Amino acid sequence: MRKQSFLVSIAIALLIGGTAFAEIKVTGLRCEYRRDFLGIDIAAPRLSWTIESDARDAVQTAYQVLVASDAKQLEEGKADLWDSGKRESDQSVLVPYEGKPLSSRQRCYWKVRVWDKPGDASGWSSPARWSMGLLDQKEWTAQWVGLDETPPPNELSPAQWIWYPDEDPLKTAPVGARYFRASLDLPEGKTIASARALITADNSAVVYVNGVEAGKIADYHVAGTFDIAAHLRNGTNCIAVKAENFGNEPNTAGLIGLIRVTFTDSPEHTIATNAESWRTSRDEQSNWIAVDFDDSAWVRPVALGPFGMAPWGEVGISTDRRLPARMLRRDIRIEKPVRSAFVYMSGLGLSELYVNGARSGDHVLSPALSEYEKRVYYVTHDVTKLLQQGNNALGVQLGNGRFYAPRDSSFVGMKSYGYPKLLLQLHVEFEDGSTQVVTSDTQWKLSTDGPIRANNEYDGEEYDARREIQDWTRPGFDDSLWKAAQNVKDPGGALSAQMIEPIRVIQKLKPVAL
């Protein structure tokens, strides 16, 4: 028994001693939840850290934060921006910075130590850093650049929304179907080259041409596009539509459409929904879709308003939304040794930055999505190691993202804000303390002839390797055949630093077989 008691006593002593001398460490330094965050636009960033210890029940009872404007000063324990002193607190998450006011592009280096329950201090953490972004909108001297194009007018523009009269279709149209007809007279002796019907209804429509069903649509956000050339003939034709309003009680209803016929040797012929050339009925009648049906007893519909009106807005149609990636570049000259260099950039919808042929950063699908008319995110790149004394080149590739809406033939609830565009500011600080600023402007060159021929989140990327342009992101590339970038319209939203974690590639899967 004495031997067993002696062994237990030794074990307890070792346990107590091990606990007493267990080291507490400070790790995982984060600013606004991110490690070594670049480009913060919050005047008083919040700092967090993690404590680690082998001891049980180890807690922080106090902390001290040092923040310096230079890594060497921090290493020497000189905190010229903030020395919190020893603060009795167990807070280790979102501790607000309370030092000297921080300026735009300010670089901050920091470390932390803590005290545990017995009052013993940890060692200093490994140093971390953050940098400030552009804190005032007026500091953006760059211009939005890109290549805006004139979009084709929506083919439904001449059409009007119509419905059966003696009801209130914009508010309380009865649930159920209404029937519509129009005559389409095509000249004799002419050869039809193409013919299509663009039709939709709130809530659904079935389209008939000369007694034959040509198609159906059940989503008023988009127009059904139906090839009807095979159903048409020279002379009189009948376009008939069964439009149905769904629901449990009266609600909004409407029909809109346009038929366009082209010929090999004469002008095209169109007929759009309106109150003059169409007739409508409340009841389905025998043979009502036939050409020779007598619709003289049917009534004229009521015109509710033009294409684009509320509550339906811009109805999408099947048009070519394929847009090649924009490639922008500029050569710049750096005359002196570089101390630091940062790029502040917003490339909408998605963008990648290259410096002297090297990709900057590991972000993908950047910047983050936003409602661009209210807020536009920018990201910060540390390009100090990518620049060189002498000739340099900046290159940016712009994809569509959700800025240039990917589809209008399939409703995805997405607004299009315009064509891709770029805002970029490069701030260079030299060893002698002088600075140089390079901004996006019309001196940049642009091309749409690269390998990315189309791209969006729904259909992926169309890449033609035969169109790859070698060395376009390197200095000295011959861009004489490229276009000058245009000054384009500001998207409208306030510029804000992207504070959330970026999307990154974290794993690549290798196919077993192809």
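Residues numbered from 1 in each chain as written. Predicted model: local features only at pLDDT ≥ 70, side-chain atom pairs only at ≥ 80, totals over all residues. Heavy atoms only, no water.

A. How the structure looks around the overall build of the protein. Helix and strand content of the protein: two helices and 36 strands. Expected size for 514 residues packed as a compact globule is a radius of gyration near 24 Å; at 34 Å, the protein overshoots this value by more than 25%. Dimensions of the protein along its principal axes, counting C-alpha atoms only, are 110 × 75 × 50 Å. Put simply, the protein has 514 residues, and 48% of those count as buried. (Helix = DSSP H or I, 4+ residues; strand = E, 2+ residues; numbered from the N terminus. Rg over C-alpha atoms; globule rule 2.2 N^0.38 Å. Buried < 20%, exposed > 50% of the residue type's maximum accessible area, 1.4 Å probe, protein only.)

B. How the structure looks around the sheet that holds strand β6 (residues 95-96). Pairing is antiparallel across the open sheet formed by three strands, whose spatial order is β1-β2-β6. Strand pairing shows two members of the sheet lacking a second neighbour, β1 (24-31) and β6, which therefore form its edges. Across two bridges, strand β2 (residues 46-53) lies against β6 in antiparallel orientation. Paired with Leu47 across the strands is Val95, a residue of β6. (Pairing = 2+ DSSP bridges.)

C. Just the environment of Gly85, in detail. Inspection of the secondary structure assignment puts Gly85 in the loop between β4 (82-83) and β5 (87-88). Placed 406 residues apart in sequence, Gly85 and Pro491 show a C-alpha to C-alpha distance of 45 Å. Sequence-distant contacts of Gly85, that is, excluding residues within four places in its chain, are made with Tyr63 and Gln64. (Contact = heavy atoms within 4.5 Å.)

D. Region of interest: the side chain of Arg30. Within the element layout of this structure, Arg30 appears in strand β1. Buried within the structure, Arg30 lacks any salt-bridge partner; Glu501 is the closest side chain of opposite charge, at an N-O distance of 8.2 Å. Side chain to side chain, Arg30 and Thr50 meet in a polar contact 3.5 Å long. Beyond its immediate sequence surroundings of up to four residues, Arg30 is in contact with Arg35, Arg46, Leu47, Ser48, Trp49, Thr50 and Trp110. (Lys, Arg positive; Asp, Glu negative; His and termini not counted. Salt bridge = Lys/Arg side-chain N within 4 Å of Asp/Glu carboxyl O. Polar contact = N/O pair within 3.5 Å; in protein donor to acceptor, adjacent residues only side chain to side chain.)

E. Structural detail: the sheet that holds strand β27 (residues 390-399). An order of β24-β23-β27-β21-β30-β33 is seen for the six strands of this open sheet, with the pairing classed as antiparallel. Here the strands that pair on one side only, and so sit at the sheet edges, are β24 (358-359) and β33 (483-484). Across two bridges, the pairing between strand β30 (residues 445-447) and β33 is antiparallel. Counted as the bridge partner of Lys445 is Ala484 from β33.

F. Highlighting the pattern of salt bridges. Applying the stated criterion to the full structure yields 30 salt bridges. Three or more residues are tied together by salt bridges with common partners; here these are Arg34, Asp362, Glu501 and Arg504.

G. Representation of the nonpolar core within the structure. Core analysis: the biggest nonpolar cluster contains 45 residues, and Leu156, Trp163, Ile228, Ile259 and Trp278 have the highest contact counts within it. Of all the elements, strand β17 (residues 254-263) adds the most residues to this core, at six residues. Membership of the second largest hydrophobic core comes to 25 residues, among which are Val145, Ile332, Leu387 and Leu446. (Core = buried A, V, L, I, M, F, W, Y, C linked by side-chain atoms within 4.5 Å.)

H. Seen up close, the side chain of Ser447. The residue Ser447 is located in strand β30 in this model. Excluding its chain neighbours within four sequence positions, the residues that come into contact with Ser447 are Ala325, Arg326, Met327 and Trp482.

I. Geometry of the confidence of the model for the protein. Summarising the model, the protein shows a mean pLDDT of 91, and 93% of its residues fall at 70 or more. Confidence drops under pLDDT 50 across residues 10-21; counting only partners more than four residues distant or on other chains, this segment forms one contact. (pLDDT = per-residue confidence, 0-100.)

J. Structural context of unusual backbone geometry. Asn203 follows Asp202 through a cis peptide bond whose omega is 25°. Its place among the elements puts Asn203 in the loop between β12 (192-202) and β13 (204-209). The backbone of Leu94 sits at a positive phi, close to 55°, despite the residue not being glycine. Along the polypeptide, Leu94 turns up in the loop between β5 and β6. Of note, Arg105 is a non-glycine position whose phi angle comes to about 70°, a positive value. We classify Arg105 as partly exposed; its relative accessible area is 33%.

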